[in-house]
Each structure stands twice: as structure tokens, then as C-alpha cells.
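Descriptive structure summary
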Amino acid sequence: MAVAPMVPAASLYVGDLQQDVTDGMLFDAFSEFKSLASVRICRDSATGRSLCYGYVNFISRQDDARRSGIGNVFVKNLSDSIDSMKLQEYFQKFGNILSCKVVTSQDGKSQGYGFVQFESEDSANTAIEKLNGSTLGGKQIYVGKFVRKSDRALPSHEAKYTNLYMKNVDADVSEEVLKEKFSEYGKILSLVISKDENGASRGFGFVNFENPDDAKCAMEALNGSQLGSKVLYVARAQKKSERKEMLRRQFEEKRKAQILKYQASNVYVKNIDDDITDEDLRKHFSQCGTITSAKIMRNDKGLSKGFGFVCFSTPDEANKAVNSFHGFILHRKPLFVAIAQRKEEREAQLKLQPGWRDNGFADRYRPAVQQSAVPSIPNSPTPHRQTRGRISSNVPQGGGPPYALHLQQPIHSMASSKDMSTQQKGSPSVQPFLVAAGPGIEGSDMLSSLLAAASPEQQKQMLGERIYPLVSQHKPDLAAKITGMLLEMDNSELLLLLDSPGSLAAKVEEAVEVLKLSKAKLSNQNSLYTNYLSSGVAVN
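Residues numbered from 1 in each chain as written. Predicted model: local features only at pLDDT ≥ 70, side-chain atom pairs only at ≥ 80, totals over all residues. Heavy atoms only, no water.

1. Examining the overall build of the protein
- Across its full length, the protein holds 19 helices and 22 strands.
- Counting the 540 residues in the protein, one finds 39% classified as buried.
- Of the roughly 30500 Å² that the protein leaves accessible, carbon and sulfur atoms contribute 52%. (Helix = DSSP H or I, 4+ residues; strand = E, 2+ residues; numbered from the N terminus. Buried < 20%, exposed > 50% of the residue type's maximum accessible area, 1.4 Å probe, protein only. Areas by Shrake-Rupley, 256 points an atom, 1.4 Å probe, with all protein chains shown as cover.)

2. Considering the confidence of the model for the protein
- Of the residues in the protein, 70% have a pLDDT of 70 or more, and the chain-wide mean is 76.
- Contacts for the low-pLDDT stretch residues 2–9, under 50 throughout, to residues beyond four places or in other chains number 20 contacts. (pLDDT = per-residue confidence, 0-100. Contact = heavy atoms within 4.5 Å.)

3. Describing the pattern of salt bridges
- Tallied over the entire structure, the rule returns 7 salt bridges.
- For glutamate 513, the salt bridge goes to lysine 516, with nearest N and O atoms at 3.8 Å. Taken together, the residues span about one helical turn, with glutamate 513 and lysine 516 both in helix H19 (residues 501–539) at a distance of 3 residues.
- The class of glutamate 513 is partly exposed, set by a relative accessible area of 43%.
- Where salt bridges share partners, they join Asp273, Asp275 and Arg332 into one cluster. (Salt bridge = Lys/Arg side-chain N within 4 Å of Asp/Glu carboxyl O.)

4. Let's talk about the nonpolar core
- Formed by 25 residues in total, the largest nonpolar core has its most connected members in Leu463, Val471, Ile482, Leu486 and Leu494.
- Among the secondary structure elements, those contributing two or more residues to this core are helix H15 (444–452), helix H16 (456–474), helix H17 (479–486), helix H18 (491–499) and H19.
- It is H19 that provides the largest number of residues to this core, a total of 6 residues.
- The contact partners of leucine 494, leaving out residues within four places of it in the chain, are Lys460, Leu463, Ile467, Leu486, Leu487 and Met489. (Core = buried A, V, L, I, M, F, W, Y, C linked by side-chain atoms within 4.5 Å.)

5. Some thoughts on the sheet that holds strand E13 (residues 201–209)
- In spatial order, the strands read E12-E13-E11-E16; together these 4 strands make up an open sheet with antiparallel pairing. With one partner strand each, in any of the chains shown, strand E12 (188–195) and strand E16 (233–236) form the two edges of the open sheet. Put simply, the sheet's adjacent strands are angled 20° from each other on average, direction ignored.
- Of the pairings in the sheet, the one linking E12 to E13 comprises 6 bridges and is antiparallel in character. Bridged to serine 190 within E13 is asparagine 208.
- Contacts from helix H6 (residues 175–182) reach strand E11 (163–167), E12, E13 and E16, with the element oriented near 145° to E12.
- The sheet contacts of helix H7 (residues 212–222) involve E11, E13 and E16, and relative to E16 the element is tilted by about 150°. (Pairing = 2+ DSSP bridges. Axes fitted to C-alpha atoms, helices over the stretch in contact; angles between N-to-C directions.)

6. Re the sheet that holds strand E10 (residues 142–145)
- If you walk across this open sheet you meet the 4 strands as E6-E7-E5-E10, and the pairing is antiparallel. Strands with a single pairing partner mark the edges of an open sheet, and in this sheet they are strand E6 (97–104) and E10. Each adjacent strand pair in this sheet contributes to an overall mean axis angle of 20°, direction not counted.
- Where strand E5 (residues 72–76) lies against strand E7 (residues 110–118), 5 bridges are found, and the strand directions are antiparallel.

7. Some words on the packing of H16 against H18
- At a minimum axis distance of 11 Å, the contact between H16 and H18 shows a crossing angle of 25°. In terms of axis orientation, H16 runs roughly parallel to H18. Crossing geometry of H16 relative to H18 is assigned as left-handed. Within the contact between the two elements, H16 uses Gln459, Lys460, Leu463, Arg466, Ile467 and Leu470 and H18 uses Asn491, Leu494, Leu495 and Leu498.
- Residues of the contact of H16 with H18, tallied by class, amount to 6 nonpolar, 2 polar and 2 charged. (Parallel < 35°, antiparallel > 145°, perpendicular 65-115°, else oblique. Left-handed = near helix turned anticlockwise from the far one by under 90°. Nonpolar A, V, L, I, M, F, W, Y, C, P; charged D, E, K, R; others polar.)

8. Some words on the side chain of serine 79
- Tracing the sequence through the fold places serine 79 in the loop between E5 and helix H3 (84–91).
- Of the polar contacts made by the side chain of serine 79, one reaches the backbone oxygen of glycine 137; its length is 3.4 Å.
- Apart from the residues within four sequence positions on either side, serine 79 is in contact with Ser110, Leu136, Gly137 and Lys139. (Polar contact = N/O pair within 3.5 Å; in protein donor to acceptor, adjacent residues only side chain to side chain.)

9. Describing the pairing of E13
- Where E11 meets E13, 5 bridges bridge the pair, whose relative direction is antiparallel. In the sheet register, lysine 167 faces E13, and the bridge partner there is phenylalanine 204.
- Where E12 folds back onto E13 in an antiparallel hairpin, the turn is made up of 5 residues, including glycine 199, whose phi is positive at roughly 85°.

10. As for the packing of aromatic side chains
- Here the structure, examined in full by the defined rule, presents 19 aromatic pairs.
- Where tyrosine 13 meets tyrosine 53, the ring centres are 5.6 Å apart and the plane angle is 40°; that geometry is what we call tilted. Here the residue tyrosine 13 occupies a position in strand E2 (residues 11–15), and tyrosine 53 occupies one in strand E4 (residues 50–58), the gap between them amounting to 40 residues.
- With a relative accessible area of 8%, tyrosine 53 lands in the buried category.
- Judged by centre distance (6.3 Å) and plane angle (45°), the ring pair of tyrosine 165 and phenylalanine 204 falls under tilted. Placement of the pair is tyrosine 165 in strand E11 and phenylalanine 204 in strand E13, with a sequence separation of 39 residues.
- Relative accessible area serves as the criterion here: at 26%, phenylalanine 204 is assigned to the partly exposed category.
- In this structure an aromatic cluster arises from ring pairing among Phe74, Tyr113, Phe115, Tyr142 and Phe146.
- Across from the ring centre of tyrosine 90, 6.0 Å away, lies the NZ or CZ of lysine 93, which sits over that ring.
- A cation over an aromatic ring shows up here: lysine 167 above the ring of tyrosine 233, its NZ or CZ 4.9 Å from the ring centre. (Phe/Tyr/Trp six-rings, centres within 6.5 Å; stacked < 30°, edge-to-face > 60°. Lys NZ or Arg CZ within 6 Å of the ring centre and 35° of its normal.)

11. Describing helix H9 (residues 278–285)
- Those residues of H9 lying buried are Leu281, His284 and Phe285. Along the long axis of H9, the arc covered by the buried residues comes to 85°, so they all point the same way. Every exposed residue of H9 that faces more than 90 degrees away from the buried side is listed here: Glu279 and Lys283.
- Where H9 is buried, its residues touch strand E17 (266–270), strand E18 (291–298), strand E19 (304–312), helix H10 (315–325), strand E20 (329–330) and strand E22 (336–339). (Arc of directions from axis to C-beta.)

12. What to know about unusual backbone geometry
- Not every positive phi belongs to a glycine, and asparagine 271 is a case in point at roughly 65°.
- Inspection of the secondary structure puts asparagine 271 in the loop between E17 and H9.
- Residue class for asparagine 271 comes out buried when judged on its relative accessible area of 15%.
- In the Ramachandran plot, histidine 331 falls in the positive-phi region, its phi being about 55° despite a non-glycine side chain.
- Note on placement: histidine 331 falls in the loop between E20 and strand E21 (333–334).

So this is what it looks like as C-alpha cells:
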């Protein structure tokens, strides 16, 4: 197994894997590293077979330190003359600093406090010990360990308190009964049951003890006890901000648990026809396994946004859906289907894929450009495995691709000769192509319908005719070659290019760069061969 570091995205490329290595096995192999975020075995989009390589993503050292709070120092009472650079110079003798910032207002003036993030906790502790109370810029500064706002809002487990909150109080239980019950554990300063405008109990209230230890004992003894016909709930009374933070944490923990549970089981589907409902989506994808949820995203008016999510009960079912339905034409449109990714994963993946980041067509399963010594024929049928979201670096040498002649000839024939058109009507291999080229038939919906009725070879020919004149507007001299390169992409993504002139223009420019690189490589090879022959003649 070959492992090469991918420094910019804090990820590893892992190659030379055996065919039977799974995501789980790869995860287990790297699980001893605490900063491990996710793994992915790259698979063929059509067959689902492993391509024998994958990616292991880590939280970067800086991100890991920042999120964990390790080595983070809070500094306050700073002089106005101290900026971020001066603060870093003052602290850098205690260790390697990952980040340093003096907080400023909108007009650029110092707010009098800042943060210093050390690489290690030891460096941070040393800086706190040495610099707290020291003088910087004519003012005595405070240096201490940074504590998140959420952690500051919640008192520690050992915090002292005297005020208790009680709820689920029986309507028949009076304040006198409660006082008698709670006073068994210590002196009570006050006790009140909240009541409505009619004087009826709302079922909750507060008890304030004189001694914190007595309050703690009362809470431990009476929480969950039977009083009247109900079970009493007793806990430390919280401020509103504390309650909100507690609920937020509970929600986040639940959300993270859900994400981890369904991380590889959630499928992203786009290019969905407007007529398809949630139930249609569920019914279609249920062929691949048990679906826990299926939802099409909609705008404020209830109209489909053209994409949605299908969550399966297992990752295997999700992979089956990707392999089965990516490019499948449903209600006139070919679907784009892939495993859903979180924003962080998506950003990390984009960093790993050179060249195809801006227009969103990057293939998540394969490297952005594949090198091969075997030239490809752009218009050859590829029903089992297509190139998605990228232009191959395999550039045909010599003239344009074979289909270039067919692209131009039918157009000319229709413009100049009825006989040729009539003669070709009986040919099933040409007819869909000619219909697609006919005047007055426009729009991706119509083209999708035509594609649905065509063979794979005819689909590429139909798309080629639509793309060729658009490419000619940008690079007329290279239109044939570039069109051939583009046709190696999935049909669903070619339809998206047809609907997005900006994306098509970007693809054309990138194709030109690939052609330049290919030409330079060929020139270098010829030069080496010529030099070799020359040296051979000299020796003889």
C-alpha cells in the first residue's frame, strides 16, 4: 500500500489497495490517529468495484488545536498601541504560535483584548505563568487560559448554588406542604409556586436554601420522588442563558450522532424533474434498499429546487443507489446521484482535486485527471463507465475525432438538400440525431426526452451536435477535439453544461490547457527520441 501526503487539505492519498478493502477496513487501519475525520474508498461509478485507491482525511493540526481549545490564551487590558504583530512578538519566546489576534472595532481600533494560540498546552501554560500581571505598552495585562463562552455560561459540576427549580408539582400540593418537605434538608429562605391569574398552580416553582450543601442534598433526595399523584422533578435553577446553552448542546450532540449514524448512507440527488414528488423519489430509490427518509428541497413557494436527499438504512444500499441510478433518466431528466457530503468534507475534497473546482462537476470518486499511455476514441460507446466532471488528458493525435465529420455533414445536408434528409429518415442510427438538430426544438427537457429514446452511441452523437457549435464560438480551430474531450463526461453533466454558458466556457478553456500540456509532452518525447537516435549514429 503506497501512501503519499496531501499537505494542503490535511488528507492522505492511499494507493495500491487490494480489491476487497472496504471503507471500514481503511478506517480501522488509521483509527489510532485521533485527528482522523473520514475515509473514502474510490469506486467505479458503474460497477461499484474498488479502484484500489482512496483518501484518508484528517483534521489539520491547526484546526484540531483551535477546535479543542488546546494552547489557547486570552489576553486583556491591552494598550491601544499593541497590535497583533506586537502581541505575537511578546509571546513567541514561549513556543510556536499558530495564530495571534488583537480584536479590533470596525474602524480598526483595538478593543483592548486578544488571543494567542500556541501549538502546545505547555507553551500556553508557561506564557500564562510568566506574563500574567506583566507590563506591556505601559499597561498591566491579564493573561489566562481561554474559556469558550458556552463553557463560561455553564457552571462546573462542583459549582455552589442555593436556588432549586421544581416542576411536575401536583395541583393539590400547597406551598406549606412543600416547605415542610424541603425544610427536612436545611433552612429555607423562600419557596414559591408559580400561579396563573386565577390563583391556580402552574405546576412549577422555586426553593431557595440558605446553605448550598443543603440545597444539593434536597435536590439529590427529592428529584424523582413521589409527591401527591405526580413524580417531582428537582434541579438547580438555571439562568435563561444557561438553559439555552444546555438545550443547544443537547441538540448538537443529537445532530452529530445522527450525522455519524447516516454519514455514508445519505444520497444526494440532483437534476430532478419538477413533476417528481417526495413519494416518487422514495418509490424509485426503494429498489436499492430500506429508505429512512426521502425529501426534495423546495423554495418558499413550494416549487422544487431540482435536488434532494435519500437516506438509506445502510451504506451498502446507498452505494447501490449511486451505482444503479446515476445517469438514469427519470421523468425526462438524467439523474445525478452521489453520496452526500458535509460542507467540510466537500471543501477538503475540492482541495484534493486540481482544476475542476469552480463549476461543481468534480468527480468525487476519481482523481481530476487520469494519465494513460493508450489514446482514447472520444465518440466510442461507454455505457458501463463514463468520465464524469472532467476532461480526459488522453488527447487524440492528428486530426479531429471521427464523429466531427458526422457533426458537420448532416447539418449541411438539411440546409441544402431535401433528398438527403428524406434518404436518411429510414435510418434509426441517424434519425434521433437529425431530429435533435431540427429547427424549433430547443430546451433541455426536450433533449432529455430524445436521449431517453436513443442508444448510448446516439446519445453521444446528439449531445455532440448541441455542444459542437457552442464550442466553435470559443475555439473554432479546436472545436472538434474539444467537443470529443467534453463528450467523455456523463450525459447528465453535459446537459448542465448546455444550460450554463459560463460553465461551458470554463470547460473549453481548461480543455485548451489540457491540449497544450499534451502537445508539450509529445514534443518532449519526440525530442528525447531524436537525441537518442543522434547519439546512436555518433557511436556507430
